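# What the coordinates show
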Amino acid sequence: MYEEMMEVFCMNPYIEILRPVNAVMAVITVILMALIAGRFDVDVLLACIVVFTATGAGNVINDYFDHEIDRVNRPSRPIPSGRITRGAAGIYSVLLFVLASALGFYLGPLPGLVVASSSLLMVYYAWSLKKRCLVGNITISFLTGMSFVFGGIVVGEISASIYLGIYAFLMTMAREIVKDMEDVEGDLVEGATTLPITHGMRVSGILAAAFMLSASLTSPSLYIIGIFSILYIPVLAVAVLFFLRAAFMILRAQDRETASRVSGLIKVGMAVTFLAFAAGSGTVTGMVGMIL
């Protein structure tokens, strides 16, 4: 089934350029907030559509501005491979941003404001901030955390969403730095000033590991302060193992191949962390209690 889905994505460049797997990961942040609030209604469904659309639009506009870098780093993507023209991608991203913002305002003034401002920030990131040392990393990590906050606003769990957003920020910072380590060759061609280019691969590896370790060592506090139940801890332990392995790998070696492997480990660790959030939510805990 997975291979068939990927084949469809590859056959349709307008789906592929959205990077639907990444967009679905963003949607999960809203679902997790719905689990915590125990709320599943039309607003939650619309919020999921908004996050998927806005995230997809951000990926499209990123490819629009990165077409030269992608010729070196990722030549198989829709624009450098010639399957979508750069102009068509630009129009596509604008339409998606407008749709996401309109649906956001339909949910309410505050959700709409979050979506519209995040959309503008994504465009600015792709155009300028991405090439700046750490500024681009902080921007995309902030936007990842804001997905939780957006979901929290929609379901009425703003305080919990801020805590989760902080951890999403830490995990994403680690992965963004590692991805910059992967992309040094193409970024040099484009004249970017990412952390690995300005301060070296060793410093970048240490900082990425520091973000992973800080997130891993402090994440049990979400159970301690009462956001999640005890079911959160055993699943979290698995995620922490992935992050610790990734941290020690990037501290030992900072070559492109290692960075690619570490990036994959971080992605898996983040997915397992999301499962831990779900397992520790009030809705899942209540269901387990009913079964037992």
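Just so it is clear, the structure is predicted and the values come from calculations on it, not from any experiment.

Definitions and limits used
- Residues numbered from 1 in each chain as written.
- Predicted model: local features only at pLDDT ≥ 70, side-chain atom pairs only at ≥ 80, totals over all residues.
- Heavy atoms only, no water.
- Helix = DSSP H or I, 4+ residues; strand = E, 2+ residues; numbered from the N terminus.
- Rg over C-alpha atoms; globule rule 2.2 N^0.38 Å.
- Buried < 20%, exposed > 50% of the residue type's maximum accessible area, 1.4 Å probe, protein only.
- Contact = heavy atoms within 4.5 Å.
- Lys, Arg positive; Asp, Glu negative; His and termini not counted.
- Charge placed at Lys NZ, Arg CZ, Asp CG, Glu CD.
- Salt bridge = Lys/Arg side-chain N within 4 Å of Asp/Glu carboxyl O.
- Expected span 1.5 Å × (residues − 1).
- pLDDT = per-residue confidence, 0-100.
- Axes fitted to C-alpha atoms, helices over the stretch in contact; angles between N-to-C directions.
- Parallel < 35°, antiparallel > 145°, perpendicular 65-115°, else oblique.
- Left-handed = near helix turned anticlockwise from the far one by under 90°.
- Nonpolar A, V, L, I, M, F, W, Y, C, P; charged D, E, K, R; others polar.
- Phe/Tyr/Trp six-rings, centres within 6.5 Å; stacked < 30°, edge-to-face > 60°.

## Focus on the overall build of the protein chain
On a plain count of helices and strands, the protein chain comes out with 16 helices and zero strands. Computed over its C-alpha atoms, the radius of gyration of the protein chain comes to 19 Å, within 12% of the 19 Å expected for a compact globule of 292 residues. Structurally, the protein chain occupies a C-alpha span of about 55 × 45 × 35 Å along its principal axes. By residue count, 51% of the 292 residues in the protein chain fall in the buried class. Sequence-distant contacts in the protein chain: of pairs separated by 6 or more residues, those separated by 24 or more amount to 72%. Each charge sign in the protein chain was given a centre, from 18 positive and 20 negative side chains, and these centres are 4 Å apart.

## A look at the environment of Leu244
Tracing the chain through its elements places Leu244 in helix 14 (residues 232–252). For the pair Leu244 and Val123, spaced 121 residues apart in sequence, the C-alpha separation works out to 33 Å.

## Structural notes on the pattern of salt bridges
Counted according to the given criterion, the structure contains nine salt bridges. Linking Glu176 and Lys179 is a salt bridge whose minimum nitrogen-to-oxygen distance equals 3.4 Å. With Glu176 and Lys179 both in helix 9 (residues 158–182), this residue pair falls three residues apart, about one helical turn. Overall, Glu176 belongs to the buried group, its relative accessible area being 9%. Each of the salt bridges in this network shares a partner with another, and the network as a whole consists of Arg19, Asp63 and Arg77.

## Focus: helix 6 (residues 86–107)
The end-to-end C-alpha distance of helix 6, which contains 22 residues, comes to 32 Å, matching closely the 32 Å that a straight helix rising 1.5 Å per residue would cover. Looking at the packing, one finds that the buried side of helix 6 touches helix 2 (13–16), helix 4 (42–65), helix 7 (109–127) and helix 8 (135–155). Where helix 6 terminates, the next one or two residues include Gly108, which has phi positive at roughly 150°.

## Details of the confidence of the model for the protein chain
Confidence in the prediction for the protein chain averages 89 pLDDT; 92% of positions are at 70 or higher. With pLDDT under 50 throughout, residues 287–292 is counted as low confidence; its partners more than four residues away or in other chains account for one contact.

## Here we look at the packing of helix 4 against helix 7
Across the interface, helix 4 lies against helix 7 with an axial gap of 8 Å and an inter-helix angle of 20°. By the angle between their directions, the pair helix 4 and helix 7 is classed as roughly parallel. When you trace helix 4 past helix 7, the crossing you get is right-handed. Here helix 4 contributes Val50, Ala54, Gly58, Ile61, Asn62 and Phe65 to the contact with helix 7, which in turn contributes Val115, Met122, Val123, Tyr125, Ala126 and Trp127. Of the residues that constitute the contact of helix 4 with helix 7, the class distribution is ten nonpolar, two polar and no charged.

## Digging into unusual backbone geometry
Located in the positive-phi region is Arg19, a residue other than glycine, with phi close to 50°. Along the chain, Arg19 turns up in the loop between helix 2 and helix 3 (20–37). Judged by relative accessible area, Arg19 falls into the buried class, the value being 17%. Of note in this structure, Leu134 is not a glycine but carries a positive phi near 65°.

## Notes on the packing of aromatic side chains
Tallying each qualifying case throughout the model produces nine aromatic pairs. Ring geometry for Tyr124 against Trp127: centres 5.9 Å apart, planes inclined by 40°, an arrangement best described as tilted. Here the residue Tyr124 and the residue Trp127 both occupy positions in helix 7, the gap between them amounting to three residues, near one helical turn. Centre to centre, the rings of Phe228 and Phe277 are 5.2 Å apart; their planes meet at 15°, and the pair counts as stacked. Of the two residues, Phe228 is situated in the loop between helix 13 (221–224) and helix 14 and Phe277 in helix 15 (residues 256–279); the sequence distance between them amounts to 49 residues. The class for Phe228 is buried, based on a relative accessible area of 3%.

## Some remarks on the packing of helix 3 against helix 8
At a minimum axis distance of 8 Å, the contact between helix 3 and helix 8 shows a crossing angle of 40°. One element, helix 3, and the other, helix 8, form an angle in the oblique class. Crossing of helix 3 over helix 8 shows right-handed handedness. Between helix 3, through Ala26, Thr29, Val30, Leu32, Met33, Ala34 and Ala37, and helix 8, the contact on the second element is made entirely by Ser147, Phe148, Phe150, Gly151, Gly152 and Val155.

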